[in-house]
Amino acid sequence: MYVGKNCLEFQQVPSCLGVRLDRTLSYKQHINEVKAKPNTVPLPGAGPHVTKVDTAINSVLQIVTGCLKPTPASYLPVLAGIAPANLRWDAATLTLARKAQKYYWHILHKATITSAPPGRLKSHHPYNKAVQEMLQSIPVDLFRDAWLAATWKQTWETAGPSHIQQYIRDPGGGVKGEEFPPYLWTLLNCLCTGIGSFKSSLKKWGLSDSAACKCGEPEQTAEHIITSCPLYSPPSEAGFFDLGPETRAWLHGTELAI
């Protein structure tokens, strides 16, 4: 095919606005390329395909935080100080919707202010419906970053009690121990999550014959180490809330290896 005197090169999977378009519009190659870049956030409303990207992001967060695979995925963004991907997508959608609503020349202006037609599939989440619900429920004077922080905290608080919530009350309050060497940050994260190479876990995974701690406790768990172990316990459990000087000194001097 020619345009003027220029011959257009045939491409099996052409790219349009950064999206790879295959002949069946399955987007498989595009998803695989995005997955290969774990620090890339997929477009809002990408549907079930984002699961592949989430898996890649979680793998990177496990490496960054030093957490083991059994660590719940919801813990990883909190430990890394990065809001969960789904909330970041919503925040990006909010910014886009507000801009499209404000400016008549915006390519999505009409779609933003017009009601969506009835959906034919339950799995279909049209842009119109999603952004209109978002614009109606979020106050105009609430900025994106403030909404993101408040929503993340609310989600964290309503997720139910867990070991990590004893030590991290506000997920967006900053990363604890980010200035530590990797091995100390890993130790801190394992103690806060309660998931690490504790004797009880090693026995459960078939990697140890005994779950007992060196102090004689039948089961060595994070809670035992933090609260009552005569050999390894920190100066105080409260020190894990703010990482005071005594707790920092204990982390640098402990012989605990998990």
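Everything quoted here is computed from the prediction, not taken from an experiment. (Residues numbered from 1 in each chain as written. Predicted model: local features only at pLDDT ≥ 70, side-chain atom pairs only at ≥ 80, totals over all residues. Heavy atoms only, no water.)

Draft legend 1. Region of the structure containing the overall build of the chain. Helices and strands together make up the secondary structure of the chain, namely 12 helices and 4 strands. Taken across its 258 residues, the chain has 35% of its residues classed as buried. Carbon and sulfur atoms provide 57% of the accessible area of the chain, an area that totals close to 16500 Å². (Helix = DSSP H or I, 4+ residues; strand = E, 2+ residues; numbered from the N terminus. Buried < 20%, exposed > 50% of the residue type's maximum accessible area, 1.4 Å probe, protein only. Areas by Shrake-Rupley, 256 points an atom, 1.4 Å probe, with all protein chains shown as cover.)

Draft legend 2. Representation of the nonpolar core. Residues Leu94, Trp147, Leu148 and Ile164 are the most contacted members of the largest nonpolar core, which totals 26 residues. Secondary-structure elements contributing two or more residues to this core are α2 (50-65), α3 (75-80), α4 (85-102), α6 (127-137) and α7 (144-157). Counting residues per element, this core draws most heavily on α4, at 6 residues. Once you skip the residues sitting within four places of it in the chain, isoleucine 164 turns out to touch Tyr75, Leu79, Trp156, Cys192 and Thr193. Among the nonpolar cores identified, the runner-up in size contains 21 residues, and Leu187, Cys213, Ile226 and Trp250 belong to it. (Core = buried A, V, L, I, M, F, W, Y, C linked by side-chain atoms within 4.5 Å. Contact = heavy atoms within 4.5 Å.)

Draft legend 3. Main features of the packing of helix α8 (residues 182-193) against helix α12 (residues 245-253). Relative orientation of the contacting elements α8 and α12 amounts to 115°, with a least axis distance of 10 Å. In terms of their interaxial angle, α8 and α12 are classed as roughly perpendicular. With respect to the hand of their crossing, α8 and α12 are arranged in right-handed fashion. Across the interface between the two elements, Leu184, Leu187, Leu188 and Leu191 from α8 touch Trp250, Leu251 and His252 from α12. A per-class count over the contact of α8 with α12 returns 6 nonpolar, 1 polar and no charged. (Axes fitted to C-alpha atoms, helices over the stretch in contact; angles between N-to-C directions. Parallel < 35°, antiparallel > 145°, perpendicular 65-115°, else oblique. Left-handed = near helix turned anticlockwise from the far one by under 90°. Nonpolar A, V, L, I, M, F, W, Y, C, P; charged D, E, K, R; others polar.)

Draft legend 4. The arrangement of α4 in detail. Taking 1.5 Å of rise per residue, the 18 residues of α4 would be expected to cover 26 Å, and the 26 Å separating its terminal C-alpha atoms lies within 8% of that figure. What α4 keeps buried is the set Ala85, Leu87, Trp89, Ala91, Thr93, Leu94, Ala97 and Ala100. (Expected span 1.5 Å × (residues − 1).)

Draft legend 5. Spatial organisation of α12. All buried positions along α12 are accounted for by Thr247, Trp250 and Leu251. End-on, the buried residues of α12 take up no more than an arc of 100°, which puts them together on one face. The exposed set on the far side of α12, more than 90 degrees from its buried face, consists of Pro245, Glu246, Ala249 and Gly253. On the buried face of α12, the contacting elements are α8 and α11 (239-242). (Arc of directions from axis to C-beta.)

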